[in-house]
Amino acid sequence: MKKLTIFLVTVFCAIGIYAQELVGTWQGNLKVQGMELRLLIHVEMKEGAYTGTMDSPDQGATGIPINSMVLNDSVFTFEINSAGIKYEAIIKNDTLISGIFNQSGMALSLDLVKQELEIEASRRPQEPIPPYPYHSEDVKFFNEEANIELAGTFTYPKEGDNFPVVVLISGSGAQNRNEELMGHKPFLVLADHLTRKGIAVLRYDDRGTAESTGDFATATTLDLATDAEAAVQYLKSRKDVDRSKIGLIGHSEGGIIAPMLAQKKLVDFIVLLAGPGMKGSDLIVLQSKLIAEAYGVEEAQLKRTLKINEDAVNLILKSEDTDSLKAQLKDYFRNAVKENPSLATNEAAANAFVNGQVQRLSSAWMQFFLTYDPAPVLEKVTCPVLALNGENDLQVPPEENLTIIKKSLDKAGNKNFSTVVIPKLNHLFQECENGSPLEYSKIEQTFSPIALNAVSSWILETTK
């Protein structure tokens, strides 16, 4: 989902460097699938050893830890443990390192230059600039069940009344009220469009993020659903809101949450933006395959990776408690490293890789997601539903997911729903080439006008 975990096939990379004076910032451009990913390496000296972090500004990622730095004469090697990445380089001089970056069967040239890099601001022409032609109010509301306070922004037209109103529910991962990721602010653009069309919007920071309190790290999708429910209850408490025209717009994981509330008759309509219909365990294996193929992973490596992923998922599906699951996963990934030495080339890297996989896959969020099946809930949703997918979505593939959503709503006896695939759009609803996550930050467009108009037109027609 926008940010669904892809176990072993990841888009992040890291680089380590050595020279007579390594401390400072280094830069390099990694060319992948005809695009360039800018990398910033921040190196420090701590207790006689080099350490540091990496930024990938084109992916909106900062502070990625660097570890396993090894220097033999002029040969430098670096590994990022959790993703099976290895970088081998030759020190050319104090300002240049030249090497090969390896990950998941791909070998790419990567040169690093020591200098300060001025990052050009990404152009995002759709982002609105104040003053807005509508009211924008910062608000706070309380989730009594979780005992946390959520902060957000409520926008509504300056003229008229009896507006339809929607709550925006973000995808997986901790995000602010704008659903900010990969240099884009999809919810800011969506809220601006809807409000200009006469639809009021409440968007909020995920728990434990920005101005909202709570602990995101321990939350499952069910927990996050209580936050969305608190948002709905807040809207119902406002005197300027028509309680008969309250809806939800859920993106990705938010598209799992919206039906949870709809089946309880808490809202009047829902919009699913790349909302999953498949069971989590099936979805994550499929998305891993599609994204790896888009990255150009070699077939042999792809088969090995998918086998490792599928076996790990099966362990989770069969587990009865978290402690035993952790032990099983630890044994499993230790054996996987032995059978696939490319995953980690030394014991320290192997330990870090294993521990990272165990921590991620045994989390409460992941266990819930992999075992959750959206279909039975969708089969209880009788309010109007619009389900949109991009044709090039690799994270929530349209055909597989919309087919299940349609069958489930039919089974519910729902007579007012529409499932639509919009050509050439990716998981973020951007016009794109092939849907690869590597494209997200490179595309200037934040949200396709075709998708924006499809959402607003449907809501206005449904609530008129």
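Residues numbered from 1 in each chain as written. Predicted model: local features only at pLDDT ≥ 70, side-chain atom pairs only at ≥ 80, totals over all residues. Heavy atoms only, no water.

Student: Is there a simple way to think about the overall build of the chain in this case?
Tutor: A tally of regular secondary structure across the chain gives 11 helices and 16 strands. Burial statistics for the chain: of 464 residues in total, 57% are counted as buried. Within the chain, contacts between residues separated by at least 24 positions form 66% of all contacts whose residues are at least 6 apart in sequence. About 19400 Å² of surface is accessible on the chain, with carbon and sulfur atoms providing 48% of the total. (Helix = DSSP H or I, 4+ residues; strand = E, 2+ residues; numbered from the N terminus. Buried < 20%, exposed > 50% of the residue type's maximum accessible area, 1.4 Å probe, protein only. Contact = heavy atoms within 4.5 Å. Areas by Shrake-Rupley, 256 points an atom, 1.4 Å probe, with all protein chains shown as cover.)

Student: Explain the sheet that holds strand β14 (residues 269-273) to me, please; I cannot follow it from the model alone.
Tutor: Within a beta sheet, neighbouring strands are joined by backbone hydrogen bonds and run either parallel or antiparallel to one another. Spatially, eight strands are ordered β9-β10-β12-β11-β13-β14-β15-β16 in an open sheet, and the strand pairing comes out mixed. What marks the edges here is a single partner per strand, and that holds for β9 (134-143) and β16 (417-422). Shown here is a sheet whose adjacent strand axes are inclined to one another by a mean of 20 degrees, direction ignored. Two elements, β14 and strand β15 (residues 385-390), share four bridges in a ladder whose sense is parallel. Opposite L273, over in β15, you have L388 as the bridge partner. (Pairing = 2+ DSSP bridges. Axes fitted to C-alpha atoms, helices over the stretch in contact; angles between N-to-C directions.)

Student: Quick question: what am I supposed to make of unusual backbone geometry here?
Tutor: The omega torsion across P130 and P131 is 0 degrees, close enough to zero to call that bond cis. Inspection of the secondary structure puts P131 in the loop between β8 (106-114) and β9. At M182, a residue that is not glycine, the phi angle is positive and equals roughly 50 degrees. Here M182 lies in the loop between β11 (165-169) and α1 (186-196). Residue class for M182 comes out buried when judged on its relative accessible area of 13%. Residues other than glycine seldom take positive phi values, yet S252 does so here, at roughly 60 degrees.

Student: Can you help me understand the confidence of the model for the chain in this one?
Tutor: Low pLDDT means the predicted coordinates in that region are not meant to be read closely. Confidence in the prediction of the chain, expressed as mean pLDDT, is 86, and 87% of residues score 70 or more. Overall, residues 2-20 carries pLDDT values under 50, and its contacts beyond four positions in sequence, including any with other chains, amount to 104 contacts. (pLDDT = per-residue confidence, 0-100.)

Student: Whenever I open this one, the pattern of salt bridges confuses me. Can you help?
Tutor: Any two side chains of opposite charge can pair, on the condition that their charged atoms come close. Applying the stated criterion to the full structure yields 15 salt bridges. We note a salt bridge from R238 to E137, for which the minimum N-O separation is 3.2 Å. With R238 in the loop between α2 (221-237) and β13 (246-251) and E137 in strand β9, the pair connects residues that are 101 residues apart, well separated along the chain. The class of R238 is buried, set by a relative accessible area of 13%. (Salt bridge = Lys/Arg side-chain N within 4 Å of Asp/Glu carboxyl O.)

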